[in-house]
Amino acid sequence: MRTRPLKVALLGCGVVGSEVARIMTTHADDLTARIGAPVELAGVAVRRPSKVRAGIDPELVTTDATALVKRGDIDVVVEVIGGIEPARTLITTAFEHGASVVSANKALIAQDGAALHAAAEQQGRDLYYEAAVAGAIPLIRPLRESLAGDKVNRVLGIVNGTTNFILDKMDTTGAGYQEALDEATALGYAEADPTADVEGFDAAAKAAILAGIAFHTRVRLDDVYREGMTEVTAADFASAKRMGCTIKLLAICERAADGGSVTARVHPAMIPLSHPLASVREAYNAVFVEAEAAGQLMFYGPGAGGAPTASAVLGDLVAVCRNKLGEATGPGDSAYTQLPVGSMGEVVTRYHISLDVADKPGVLAQVATVFAEHGVSIDTVRQTVKDGEASLVVVTHRAPDAALSGTVEALRNLDTVRGVASIMRVEGE
Ligand code: HSE
């Protein structure tokens, strides 16, 4: 057992960083045994040095993150500050000055993962980021390592806890979006500005990372189609229930049937109650992976929070420290190909459409003609009539999204269609 400690610089000491420091201290003996050498917290870069941080030696605290990563004696930099800059420059500087990096930064990895992997490889360092997607859930390493010999065809995930909490409340209590959001805010699940979560930006960054790793190809954040969940209504949940479904904000990464392209998207969708993802409640995350040889796998757990995210960071820290001791590096960038990334219009899916129509002869035939003209086959139609107005719920068979959205556009232009009350994709069947 080596007695000289491996030195760790922590960039950021908020909810996650303080938990990383706490676990490094309280589990120091176990970490030493697992790594084969002690790990020592050698510096902590923060924005507000005067804040009291329990368990952290004030002597280690600095506001000069650049000087910390340039020290030369640091073995591993743990970056938990988030955002693009200064995190990106600090990480590349760390590589140049001898350190490997563990990051929890989904936005940065989704945007600049390729360049950061290249910088790490050039300097012979590790870049690990298990905590960037779905908090504590082991997902990046299973995809990068355990499934490295298999062919992943689909990743279907609930990767945002805030929106899952809101949708779960709407489902179980009948609340509207705003009421459920208010509860999520009061309980600390939603941030004061919930845009990144409810508009799907957070999930889209995670989808880009997952698609790139799962399919060994480059998927940029801009390649991910994104729709938020702010328009989901209590009426949508009532429709979903009638179909034996619930509604989830899903990140869906798929390899095309011919294997020649991939797609990545985030949007709300109905999924059958029998699908394992339907039972993911409250702020939990889960990711369903379909691989050629392995079949269907599901990864489930807490996707956010200080201690769960720190668990993933610590797992990476142990792996990177072991690599350092062995004078090796772990797996680098998993992308070795550049498959075309298809547009949303090419995605094959099903629609659930609610229409308000005039209750008079020929309307159903007119509506059905629009579907036929766009090459969209109808699976079921349900009609309810009240006071001369009819409500039609049409569920389609699978068709390209462009054909389905073209159908909806044409339906809106029919005089007999008073309005399109809701459109929701149906997934997971
Ligand atoms: N805001 C995210 C969520 C956690 O609600 O899941 C960090 O990605």
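Just so it is clear, the model here is predicted, and its values are computed rather than measured.

Participant: Before we go on, may I ask you to explain the domain arrangement of the chain in this structure?
Facilitator: Note on interface size: it is often stated as the accessible area lost on association of the parts. On domain assignment, one finds that the chain holds domain 1 (6-135 + 306-325), domain 2 (140-302) and domain 3 (345-426). Distance between the C-alpha centres of domain 1 and domain 3: 52 Å.

Participant: Help me understand the site of the ligand, please; the structure alone is not making it clear to me.
Facilitator: Taken together, K106, N160, G161, T162, D197, D202, K206 and A304 make up the full set of residues adjacent to the ligand. Contact distances for the ligand include 3.5 Å between an oxygen atom and a side-chain N or O atom of N160. Notes on the ligand: free accessible area 260 Å², of which the protein chains cover 81%. Where the shell around the ligand is concerned, the elements lending two or more residues are helix 7 (161-173) and helix 10 (201-215). A class-by-class count of the residues in the shell around the ligand yields one nonpolar, three polar and four charged.

Participant: Is there a simple way to think about the packing of aromatic side chains in this case?
Facilitator: The geometry of an aromatic ring pair is captured by the separation of the ring centres together with the interplanar angle, meaning the angle of the planes. Here the structure, examined in full by the defined rule, presents two aromatic pairs. Summarising the aromatic geometry, the rings of Y284 and Y300 are spaced 5.2 Å apart at their centres and angled 10° between planes, so their arrangement reads as stacked. Here Y284, found in strand 11 (residues 284-291), pairs with Y300, found in strand 12 (residues 295-302); they are 16 residues apart in sequence, far enough to count as distant. Of note, R144 hangs over the ring of Y128, and the distance from its end group to the ring centre comes to 5.5 Å. The ring of F201 has R226 sitting right over it, with the charged end atom 3.8 Å from the ring centre.

Participant: What should I look at first to understand the environment of A240 in this one?
Facilitator: Among the secondary structure elements, A240 is positioned in helix 11 (residues 234-242). On the accessibility criterion, A240 (0% relative accessible area) is buried. Spatially, the C-alpha atom of A240 lies 9.5 Å from that of D171, the residues being 69 residues apart in sequence. Residues contacting A240, with those up to four places away along its chain left out, are C245, T246, I247 and M270.

Participant: When you look at helix 11 in this model, what are you seeing that I'm missing?
Facilitator: Owing to its 3.6 residues per turn, the α-helix brings residues three or four apart onto one side. D236, F237, S239 and A240 are the residues of helix 11 that are buried. All buried residues of helix 11 lie within an arc of 160° about the axis, which places them on one face of the element. Among the exposed residues of helix 11, those oriented more than 90 degrees off its buried face are A235 and R242. Of the surrounding secondary structure, the elements contacted by the buried residues of helix 11 are helix 7, strand 9 (245-255), strand 10 (262-272), strand 13 (348-358) and strand 17 (417-426). Directly after helix 11, the chain includes G244, whose backbone phi takes a positive value near 75°.

Participant: Hey, could you run me through the side chain of K248 in this one?
Facilitator: Looking at where K248 falls in the secondary structure, it is placed in strand 9. In this structure, K248 is buried with no salt-bridge partner, the nearest side chain bearing the opposite charge being D168 at 4.9 Å. Of the polar contacts made by the side chain of K248, one reaches the side chain of N164; its length is 3.1 Å. At 2.7 Å, the side chain of K248 forms a polar contact with the backbone oxygen of V280.

Participant: Would you mind going over the pattern of salt bridges with me for this structure?
Facilitator: Oppositely charged side chains are able to pair whenever their charged atoms sit close together. Under the criterion given, the structure shown has 24 salt bridges. Between D73 and K7 there is a salt bridge, and its shortest N-O distance comes to 3.3 Å. Placement of D73 in the loop between helix 3 (65-69) and strand 4 (76-79) and of K7 in strand 1 (residues 6-11) is noted, with a sequence separation of 66 residues between them. Judged by its relative accessible area of 30%, D73 is partly exposed. Notably, a salt bridge pairs E85 with R88, separated by 3.1 Å at the nearest N-O pair.

Conventions adopted
Residues numbered from 1 in each chain as written. Predicted model: local features only at pLDDT ≥ 70, side-chain atom pairs only at ≥ 80, totals over all residues. Heavy atoms only, no water. Domains from an automatic or database assignment. Near = heavy atom within 4 Å. Polar contact = N/O pair within 3.5 Å; in protein donor to acceptor, adjacent residues only side chain to side chain. Areas by Shrake-Rupley, 256 points an atom, 1.4 Å probe, with all protein chains shown as cover. Helix = DSSP H or I, 4+ residues; strand = E, 2+ residues; numbered from the N terminus. Nonpolar A, V, L, I, M, F, W, Y, C, P; charged D, E, K, R; others polar. Phe/Tyr/Trp six-rings, centres within 6.5 Å; stacked < 30°, edge-to-face > 60°. Lys NZ or Arg CZ within 6 Å of the ring centre and 35° of its normal. Buried < 20%, exposed > 50% of the residue type's maximum accessible area, 1.4 Å probe, protein only. Contact = heavy atoms within 4.5 Å. Arc of directions from axis to C-beta. Lys, Arg positive; Asp, Glu negative; His and termini not counted. Salt bridge = Lys/Arg side-chain N within 4 Å of Asp/Glu carboxyl O.

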